[in-house]
Amino acid sequence: MRPNRLPEQPVGRRSRAEVFEGVINGAIKRVVVIGNGFSGAESQCIGLVRALGLSGCHSLYRVTRPRGGINEWLHWLPVSLHKKVNYIIRQIYSRFQMEAKGNEVVPFSVQKTGLSNVLEADAKQIAMMACDTFDKDGPLLVVASGRDTIPVASSIKRLAPENVFVVQIQHPRSQLNRFDLVITPRHDYYPLTPHAQKQIPWFLRRWITPREPPDRCVVLTVGALHQADSPALRSAASVWHYELSSLPKPLLVVNIGGPTRSCQYGVDLAKQLTAMLQNVLWSCGSLRISFSRRTPEKVSKILLKELSANPKVYIWVGEGPNPHMGHLAWADAFVITADSVSMLSEACTTGKPVYVVGAERCTWKFADFQKSLQERGVVRPFTGKEDISESWGYPPLNDTAEAASQVIKALAERGWTIHR
């Protein structure tokens with residue numbers, strides 16, 4: 001039975017003990033996911049929500065930036081300032097067009113984001129909702145990922161500290177006390193290692209983050225969180241059964257990402273990879289290649305030109321349903337470019353052989369990530385001399401489930417539970 005409370009006492013000013021008394025078991029039954037419009041970041045949030053058993057109880061909000069044209073050069077600005085600059089540019093452009101066209105209004109052209117059906121993340125509105133519905137629906141779990149979501153997630157925590165539990169995925173770089181829990185890969189703390197310190201000029205060290213070791217509110221993972229859990233893979237195996245089950249074995253899946261600042265490559269790696277794949281084709285029953293949205297056209301063209309005519313090879317170029325989850329479920333082995341922490345993390349949960357190409361090109365913390373995977377024995381360098389029919393195993397990565405258990409533990413310390 002819920003105890004009576006003084007009616008004049010405002011909801012936002014109750015003590016923590018009284019808050020727990022006001023909610024039976026402090027059960028979390030709803031989640032707000034705050035994304036940034038990029039699947040890599042949002043997939044981590046939804047993967048954590050799935051692992052917590054709350055996949056049917058979440059609402060997605062997004063922090064969106066203006067896109068198209070000059071906006072692609074303004075991503076270094078804070079989101080709020082970026083939007084103001086975009087507004088000013090649009091006004092100037094519209095006025096210029098009116099004058100040039102004899103007062104005929106020519107609308108400013110912007111790239112469509114496809115996000116119109118998702119609510120814009122507003123910290124005040126979400127915090128108010130958490131406070132107003134607390135007595136009826138209990139605490140609100142907020143899960144955010146990506147640099148642009150940090151100001152929103154931290155503001156929600158500041159505005160409704162007794163009504164929400166805020167989890168920030170990916171390291172926010174500073175002021176970790178703005179969140180209840182931070183989930184981030186171990187390699188984000190690479191700057192603190194002696195090896196990294198030697199690479200940083202002394203006058204820059206105070207600007208490199210993080211500057212302090214992880215505290216008790218930080219959960220460290222090996223790789224990225226994701227949605228490729230056992231139920232998802234079983235479902236994908238069923239959905240893709242007709243297309244993939246009958247392919248000659250072993251099935252080798254090749255996932256190609258795109259160069260990053262810390263893992264640069266281009267045509268040279270594409271040619272190298274093509275030659276190595278041709279060398280192992282004799283040991284493959286089937287070979288399926290997928291490109292990501294980040295894959296440069298000059299890279300994809302080389303693989304298409306050299307491999308698409310081979311009857312053993314199928315290359316997905318973005319048309320039709322994305323076979324990624326089906327590939328994870330049905331593949332016998334993987335070759336993955338070193339730039340993608342997400343694709344490597346997903347593949348390494350399957351327990352199947354994972355070969356990495358281009359790891360020697362990674363620098364800074366991404367080199368540390370590759371090193372940690374190899375030391376754990378979950379990946380091997382792809383050399384082109386492998387016999388794909390020879391299998392090998394390892395203890396699969398289980399980052400998402402382990403992070404979820406840490407969230408549950410942290411919630412329990414506040415007297416809250418997950419309603420399943």
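Residues numbered from 1 in each chain as written. Predicted model: local features only at pLDDT ≥ 70, side-chain atom pairs only at ≥ 80, totals over all residues. Heavy atoms only, no water.

Looking up the protein chain in an unreviewed UniProt entry gives the name Mitochondrial fission protein ELM1 isoform X1, with the organism given as Theobroma cacao.

Undergrad: With reference to specific residues and values, describe the packing of helix H4 (residues 123-132) against helix H6 (residues 150-159).
TA: Relative orientation of the contacting elements H4 and H6 amounts to 40 degrees, with a least axis distance of 9 Å. Taken together, the axes of H4 and H6 are oblique relative to one another. In this structure, the crossing between H4 and H6 has a hand that is right-handed. Only Val152, Ser155, Ile156 and Leu159 of H6 make contact with H4, whose side of the interface consists of Ala123, Lys124, Ile126 and Ala127. Among the residues making up the contact of H4 with H6, the classes are represented as 6 nonpolar, 1 polar and 1 charged. (Axes fitted to C-alpha atoms, helices over the stretch in contact; angles between N-to-C directions. Helix = DSSP H or I, 4+ residues; strand = E, 2+ residues; numbered from the N terminus. Parallel < 35°, antiparallel > 145°, perpendicular 65-115°, else oblique. Left-handed = near helix turned anticlockwise from the far one by under 90°. Contact = heavy atoms within 4.5 Å. Nonpolar A, V, L, I, M, F, W, Y, C, P; charged D, E, K, R; others polar.)

Undergrad: Let's hear about the pattern of salt bridges: which residues, and what values?
TA: Throughout the structure, instances matching the rule amount to 13 salt bridges. Close ionic contact of arginine 173 with aspartate 188 constitutes a salt bridge, the shortest N to O distance being 3.9 Å. In this pair, arginine 173 sits in the loop between strand S6 (164-169) and strand S7 (181-185) while aspartate 188 sits in the loop between S7 and helix H7 (194-199), placing the two residues 15 residues apart along the sequence. Here lysine 301 ties to glutamate 297 by a salt bridge, and the two come within 3.5 Å at their closest N and O atoms. A residue pair is termed a helical-turn pair when its members lie 3 or 4 positions apart in one helix, as lysine 301 and glutamate 297 do in helix H11 (residues 297-307) at 4 residues. (Salt bridge = Lys/Arg side-chain N within 4 Å of Asp/Glu carboxyl O.)

Undergrad: Give me the nonpolar core: which residues, what numbers.
TA: If you look at the biggest cluster of nonpolar residues, it comprises 58 residues, and the most contacted ones within it are Leu252, Leu277, Ile289 and Leu303. A total of 6 residues in this core trace back to one element, the largest contributor, which is helix H10 (residues 267-280). Counting 26 residues, the second-largest nonpolar core is a separate cluster that includes Ile126, Ala130, Ala160 and Cys217. (Core = buried A, V, L, I, M, F, W, Y, C linked by side-chain atoms within 4.5 Å. Buried < 20%, exposed > 50% of the residue type's maximum accessible area, 1.4 Å probe, protein only.)

Undergrad: Outline the sheet that holds strand S4 (residues 119-120), listing residues and values.
TA: Taken in spatial order, the 7 strands line up as S4-S3-S2-S5-S6-S7-S8 in an open sheet, and their pairing is parallel. The open sheet has two edge strands with one neighbour each: S4 and strand S8 (218-221). Bridging between strand S5 (residues 140-145) and S6 involves 6 bridges; their strand directions are parallel. In the sheet register, serine 145 faces S6, and the bridge partner there is isoleucine 169. Most of the contacts of helix H2 (residues 39-51) go to S5, to which it runs at about 150 degrees, and overall it touches strand S2 (31-35), strand S3 (58-62), S5, S6 and S7. Along the sheet face, H6 touches S2, S5 and S6 and points at about 160 degrees away from the line of S6. (Pairing = 2+ DSSP bridges.)

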